[in-house]
Amino acid sequence: MAAAPVDLTLLREDLHLAEAGGFCTFEGWVRNRNDGRPVDGLEYESYEALAQLEGERIVAEALERFEISEAVAMHRTGSLKVGEVAVWIGVSAPHRDAAFRACRYIIDEIKHRVPVWKKEHYLDGDAEWVACHHCQTAPRASETDAHDHDHGQCGHHHH
Amino acid sequence: MRPLYGLILAGGASKRMGTDKAALDYHGKPQLQAAFDVVSPLVEKCFVSVRPDQTGNPVRAAFPQIVDSVDIDGPAAGLLSAHQAYPDVAWLVLACDLPMLDRGTLENLIARREATNVAVAYRSEHDGLPEPLCAIWEPEALERLEQQVLDGRTCPRKLLINSPTKLLEPYARGALDNINTPEEREDATRRLENPTGGPMIRLKLEYFAQLRELAGTREQTLETTFATVGPLYEELRETYAFPFEASKLRVAINGDFAPWTQPLKDGDHIVFIPPVTGG
């Protein structure tokens, strides 16, 4: 969890291992519209200690599940303007397939499990906490895997 | 829904207590009277279950009675005798040795009756199994109990475990602690001196995002007698008009995700986690 912009080249360095044949990143950016409304910027609030803990668990799960060398994930908090990097995932691996899949796994799990909330500030001066939209989105990589385990919420059971 | 009658079980031998548990005074009156007084306003009719040799007992004589007509040991005798006397009603059954019981626990039990279940009971705070003696028994459950007894097993708890029983999370901490020994009685008396009627614990709540804005604060310390976070959330939801149903939330206790059934203890740090929207 980072309250200020992070130097992405430093995050990349941790992944650049001799055994790795390549690496794959996902960057989430603040875009200028959502649901048809012009967006000025976003504000991310987190339950930082638990967000950090859950994020570390997700990275550890990815290292366990996929044939990868290293994985790094960063999520911003605070006020972000259009175009800024809100989330960054990097995965290096001996072979590309595992890197792509692990990267997808990590971003999907972050979106479902890490206690971070997004408030959109619109160009008209209005601001709103974004409603949960997991239920409508495509299934997570983990849900299509053979050994599915559900940590989700939003209508999923929480026991 | 079938009519609901009340049955206060007062036929026990009180062996470990050494004195009649129905006569013990926790609330300025005999405990049997206290139990009758809390149940009777909630039901159409209310009875006290007694053994044949107890009908004239001074503590029991003043109440409408159902005398055991079934010759077996234990509380199943009282339950089945009530069912034989009024086969078409459901019974709110209450043991008379639960002095910590609060009215809310019974009201919640009644509110959660469903046509699809044969009984409604609380999950024990001690072992997680159903508490049969503060429960609603529909006629179907008592018919099943009759059959189970014929098969040689008299345990009402076993019947609830093996039947479609609606199991509720504890409503108030310690409400169903049954008081069987002089030591437990001493402890119960001490706890009852607390004017809230249950052990009070202090919790620290932290709010984030939308809940923080609606609550108007990031942190809050509060005192409660709730045993788990479920009823606490319902209360807060009403106070602050939180838009989320509990089923949409997760909860963190002391820094990590926790089940909603985790027993609360003094000093716990609680965070209700609305649907997350990161990424």
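Since the model is a prediction, treat every value here as computed from it, not as a measurement.

Calculation notes
- Residues numbered from 1 in each chain as written.
- Chains lettered and ligands numbered in written order.
- Predicted model: local features only at pLDDT ≥ 70, side-chain atom pairs only at ≥ 80, totals over all residues.
- Heavy atoms only, no water.
- 1 Å grid on protein atoms, 1.4 Å probe; cavity = no way out; pocket = protein on both sides within 12 Å on 5 of 7 lines; lining within 4 Å.
- Points joined across faces, edges and corners; volume = space filled by probe spheres on them.
- Nonpolar A, V, L, I, M, F, W, Y, C, P; charged D, E, K, R; others polar.
- UniProt positions renumbered as here; feature names shortened; annotations may be inferred.
- Helix = DSSP H or I, 4+ residues; strand = E, 2+ residues; numbered from the N terminus.
- Buried < 20%, exposed > 50% of the residue type's maximum accessible area, 1.4 Å probe, protein only.
- Contact = heavy atoms within 4.5 Å.
- Polar contact = N/O pair within 3.5 Å; in protein donor to acceptor, adjacent residues only side chain to side chain.
- Buried area = accessible area lost by both parts, 1.4 Å probe.
- Salt bridge = Lys/Arg side-chain N within 4 Å of Asp/Glu carboxyl O.
- Patch = residues over 30% accessible without salt bridge, like charges linked within 9 Å, V, L, I, M, F, W, Y side chains within 5 Å.
- Areas by Shrake-Rupley, 256 points an atom, 1.4 Å probe, with all protein chains shown as cover.
- Lys, Arg positive; Asp, Glu negative; His and termini not counted.
- Charge placed at Lys NZ, Arg CZ, Asp CG, Glu CD.
- Arc of directions from axis to C-beta.
- Pairing = 2+ DSSP bridges.
- Axes fitted to C-alpha atoms, helices over the stretch in contact; angles between N-to-C directions.
- Disulfide = S-S within 2.5 Å.
- Core = buried A, V, L, I, M, F, W, Y, C linked by side-chain atoms within 4.5 Å.
- Phe/Tyr/Trp six-rings, centres within 6.5 Å; stacked < 30°, edge-to-face > 60°.

What to know about empty space enclosed by the protein
Link 1 in the chain: Scanning all chains against the criterion turns up 1 cavity of 30 Å³ or more.
Link 2 in the chain: As a volume, the largest cavity reaches approximately 80 Å³.
Link 3 in the chain: Grouping the amino acids of the lining of the largest cavity by side-chain chemistry returns 6 nonpolar, 3 polar and 4 charged.

Structural notes on the UniProt feature "binding site: Mg(2+)" (unreviewed entry) in chain B
Residue and element names in this part refer to chain B.
Link 1 in the chain: Taken from the UniProt record, the annotation "binding site: Mg(2+)" (unreviewed entry) applies to Asp97.
Link 2 in the chain: With respect to the helices and strands, the residue Asp97 is situated in the loop between strand S4 (90-95) and helix H3 (103-111).
Link 3 in the chain: Its relative accessible area of 11% is what places Asp97 among the buried residues.
Link 4 in the chain: Discounting chain neighbours no more than four positions away, the residues touching Asp97 are Lys21, Asp177, Asn178, Ile179 and Asn180.
Link 5 in the chain: In terms of polar contacts, Asp97 uses its side chain to reach the side chain of Lys21, at 2.8 Å.

Focus: the interface of chain B and chain A
Link 1 in the chain: Listed by partner, the interface residues are 26 residues for chain B and 32 residues for chain A.
Link 2 in the chain: Regarding the contact of chain B and chain A, the summed buried area is about 2,500 Å², with carbon and sulfur atoms giving 55% of it.
Link 3 in the chain: By the criterion of area lost to chain A, the three top residues of chain B are Val276(B), Thr277(B) and Gly279(B), representing 28% of everything that side buries.
Link 4 in the chain: The tally of links from chain B across to chain A stands at 4 salt bridges.
Link 5 in the chain: Taking the shortest distance from any N to any O, the salt bridge between Lys119(A) and Glu213(B) comes out at 2.5 Å.
Link 6 in the chain: If you look at where chain B meets chain A, you find 13 residue pairs in polar contact (both at pLDDT 80 or more).
Link 7 in the chain: Elements that contribute at least two residues to the side of chain B that touches chain A include exactly helix H7 (209-215), strand S10 (250-253), strand S11 (256-258) and strand S12 (269-273) of chain B.
Link 8 in the chain: Here the side of chain B that touches chain A gets 4 residues from one element, more than from any other, and that element is H7(B).
Link 9 in the chain: Counted by class, the side of chain B that touches chain A contains 13 nonpolar, 7 polar and 6 charged residues.

Side note on a negative patch on the surface
Link 1 in the chain: A surface patch of negative charge is lined by Glu234(B), Glu235(B), Glu238(B) and Glu245(B).
Link 2 in the chain: Here Glu235(B) lies in helix H8 (residues 229-240).

Looking at the side chain of Ser92(A)
Residues and elements named next belong to chain A.
Link 1 in the chain: Take Ser92: it is sitting in strand S6 (residues 85-93).
Link 2 in the chain: On the accessibility criterion, Ser92 (0% relative accessible area) is buried.
Link 3 in the chain: Polar side-chain contacts of Ser92 include one of 2.8 Å to the backbone oxygen of Leu15.
Link 4 in the chain: Among residues more than four places away in sequence, those in contact with Ser92 are Leu15, Ala20, Gly22, Phe23, Ile68, Ser69 and Glu70.

Here we look at helix H6 (residues 182-192) of chain B
Residue and element names in this part refer to chain B.
Link 1 in the chain: By the burial criterion, the buried members of H6 are Ala188, Arg191 and Leu192. Take H6 and look down its axis: the buried residues cluster within an arc of 95 degrees, on one side only. For H6, the exposed residues set more than 90 degrees away from the buried face come down to Glu183, Glu186 and Arg190.

Overview of the sheet that holds strand S5 (residues 119-123) of chain B
What links the strands of a sheet is backbone hydrogen bonding, and the strands pair in either a parallel or an antiparallel sense.
Residue and element names in this part refer to chain B.
Link 1 in the chain: Ordered by their spatial adjacency, 7 strands build an open sheet running S3-S2-S1-S4-S6-S5-S7, and the pairing between neighbours is mixed. Because the sheet does not close on itself, it has two edges, and the strands there are strand S3 (65-67) and strand S7 (165-168). Each strand of the sheet is rotated relative to its neighbour by a mean of 30 degrees, with strand direction disregarded.
Link 2 in the chain: Note that S5 and S7 share 4 bridges and pair parallel. Bridging from a neighbouring strand, Ala121 pairs with Leu167 of S7.
Link 3 in the chain: Packed on one face of the sheet, helix H2 (residues 76-85) meets strand S1 (4-9), strand S2 (45-50), S3, S4 and strand S6 (130-137) and runs near 145 degrees to S1.

Concerning the state of the cysteines
All names here are of chain A.
Link 1 in the chain: All told, the structure shown has 0 disulfides over all chains when counted by the stated rule.
Link 2 in the chain: The thiol of Cys24 is not disulfide-bonded; the next cysteine sulfur, from Cys103, is found 4.1 Å away.
Link 3 in the chain: For Cys24, a relative accessible area of 10% corresponds to the buried category.

Some remarks on the sheet that holds S12(B)
Link 1 in the chain: Overall, mixed pairing links the 5 strands, which are arranged S9-S8-S12-S10-S11 (chain B) in an open sheet. Where the open sheet ends on each side, the last strands, each with one partner, are strand S9 (219-224) and S11 of chain B. Taking the axes of each pair of neighbouring strands and ignoring which way they run, one obtains an average angle of 35 degrees across the sheet.
Link 2 in the chain: Taken together, the 4 bridges between S10(B) and S12(B) define a ladder with antiparallel strand orientation. Note that in S12(B) the partner of Arg250(B) across the bridge is Ile273(B).
Link 3 in the chain: Its contacts with the sheet place helix H2 (residues 48-65) of chain A against S10, S11 and S12 of chain B, and it is angled at close to 85 degrees to S11(B).

Section: the nonpolar core
All names here are of chain B.
Link 1 in the chain: In terms of nonpolar packing, the biggest core is built from 30 residues, with Ile8, Val39, Leu94, Leu106 and Leu109 touching the most fellow members.
Link 2 in the chain: Broken down by secondary-structure element, the contributors of at least two residues to this core are S1, helix H1 (31-39), S2, S4, H3, S5 and S6.
Link 3 in the chain: Tallying contributions element by element places H1 first for this core, with 5 residues.
Link 4 in the chain: Other than its neighbours up to four places away in sequence, Val39 contacts Gly6, Ile8, Cys46, Leu92, Leu94 and Leu106.

Topic: the packing of aromatic side chains
Link 1 in the chain: Enumeration according to the criterion identifies 18 aromatic pairs over all chains in this entry.
Link 2 in the chain: Aromatic pair Trp117(A) and Phe208(B): ring centres 5.8 Å apart, planes at 15 degrees, arrangement stacked. In this pair, Trp117(A) is assigned in strand S7 (residues 116-122) and Phe208(B) in the loop between strand S8 (201-206) and H7, connecting two distinct chains. Take Trp117(A) and Phe208(B): they sit in the same class, and that class is buried.

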